[in-house]
Amino acid sequence: TPDGRFLYGSNRGHDSLVCYSVDNDGRLKLQDFTYVRGEHPRNFNIHPSGDWILVANQDSGNVVVFKLDKETGALTYADCEIPVKTARCIQWAPKKRSG
């Protein structure tokens, strides 16, 4: 996460994201696994705000949105799933500057 409190990894054979908390000394502690609502989570990306994670599921062809709890690291399905053929990569677009 942007604040360094949690670390996530994708499990392609398990179709999940794993969440670890990061202690002050850098040690990892397993927190949870979250099913990604698709197959073969090829990539994921945390929004710069730390509020959202998008997961690109390559074999099921979908991108799934999860709400990220900043206190616990838990992920909750945000009732949003977007069909994308062979989804592979998530990138956040930079904010447009006004003026």
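Up top you'll find the structure we're talking about.
What counts and what doesn't
- Residues numbered from 1 in each chain as written.
- Predicted model: local features only at pLDDT ≥ 70, side-chain atom pairs only at ≥ 80, totals over all residues.
- Heavy atoms only, no water.
- Helix = DSSP H or I, 4+ residues; strand = E, 2+ residues; numbered from the N terminus.
- Rg over C-alpha atoms; globule rule 2.2 N^0.38 Å.
- Buried < 20%, exposed > 50% of the residue type's maximum accessible area, 1.4 Å probe, protein only.
- Contact = heavy atoms within 4.5 Å.
- Pairing = 2+ DSSP bridges.
- Salt bridge = Lys/Arg side-chain N within 4 Å of Asp/Glu carboxyl O.

Asker: So, the overall build of the protein chain: which residues are in play, and what are the values?
Answerer: Within the protein chain, the regular secondary structure consists of zero helices and seven strands. Mapped in sequence order, the helices and strands of the protein chain form the string β-β-β-β-β-β-β. For 99 residues, the compact-globule formula gives about 13 Å, and the C-alpha radius of gyration of the protein chain, at 14 Å, lands near that figure. Across the 99 residues of the protein chain, 31% fall into the buried class.

Asker: Describe the environment of glycine 73, listing the residues and the values that go with them.
Answerer: Here glycine 73 lies in the loop between strand S6 (62-68) and strand S7 (75-83). Residue classification places glycine 73 among the buried positions, given a relative accessible area of 2%. Counting along the chain gives 52 residues from glycine 73 to serine 21, while the straight-line C-alpha distance between them is 7.5 Å. Look past the residues within four positions of glycine 73 in its chain and what remains in contact with it is Phe6, Tyr8 and Cys19.

Asker: Tell me about the pairing of S7, and name the residues and values.
Answerer: Note: S6 against S7, six bridges, orientation antiparallel. By the bridge assignment, asparagine 62 is partnered in S7 with proline 83. In this antiparallel pair of consecutive strands, S6 and S7, the connection spans six residues, and glycine 73 shows a positive phi of 80°.

Asker: Account for the environment of alanine 56, with residues named and values stated.
Answerer: Structurally, alanine 56 can be placed in strand S5 (residues 52-57). Note: C-alpha distance between alanine 56 and asparagine 43 (13 residues apart in sequence) is 5.3 Å. Once residues lying within four places of it in the same chain are set aside, the contact partners of alanine 56 are His40, Pro41, Arg42, Asn43, Asn62, Val63, Ala87, Arg88, Cys89 and Ile90.

Asker: Would you mind going over unusual backbone geometry in detail, with residue names and values included?
Answerer: Phi at aspartate 15 is positive, roughly 55°, even though this residue is not glycine. Here aspartate 15 lies in the loop between strand S1 (6-11) and strand S2 (16-22). Residue classification places aspartate 15 among the buried positions, given a relative accessible area of 17%. The phi dihedral of threonine 86 falls on the positive side, at around 45°, and the residue is not glycine. Along the chain, threonine 86 falls in the segment after S7.

Asker: I'd love a proper account of the pattern of salt bridges, names of residues and values included.
Answerer: On inspection of all chains with the given rule, the structure shows four salt bridges. Here lysine 67 ties to aspartate 51 by a salt bridge, and the two come within 3.9 Å at their closest N and O atoms. Residue lysine 67 is found in strand S6, and its partner aspartate 51 is found in the loop between strand S4 (41-46) and S5; the two are separated by 16 residues along the sequence. Exposure remark for lysine 67: the relative accessible area of 34% places this residue in the partly exposed category. With its nearest N and O atoms 3.2 Å apart, the salt bridge here joins aspartate 51 to lysine 70. Pair noted here: aspartate 51 is in the loop between S4 and S5 and lysine 70 is in the loop between S6 and S7, with a separation of 19 residues, a long-range link. Since its relative accessible area comes to 22%, aspartate 51 is described here as partly exposed.

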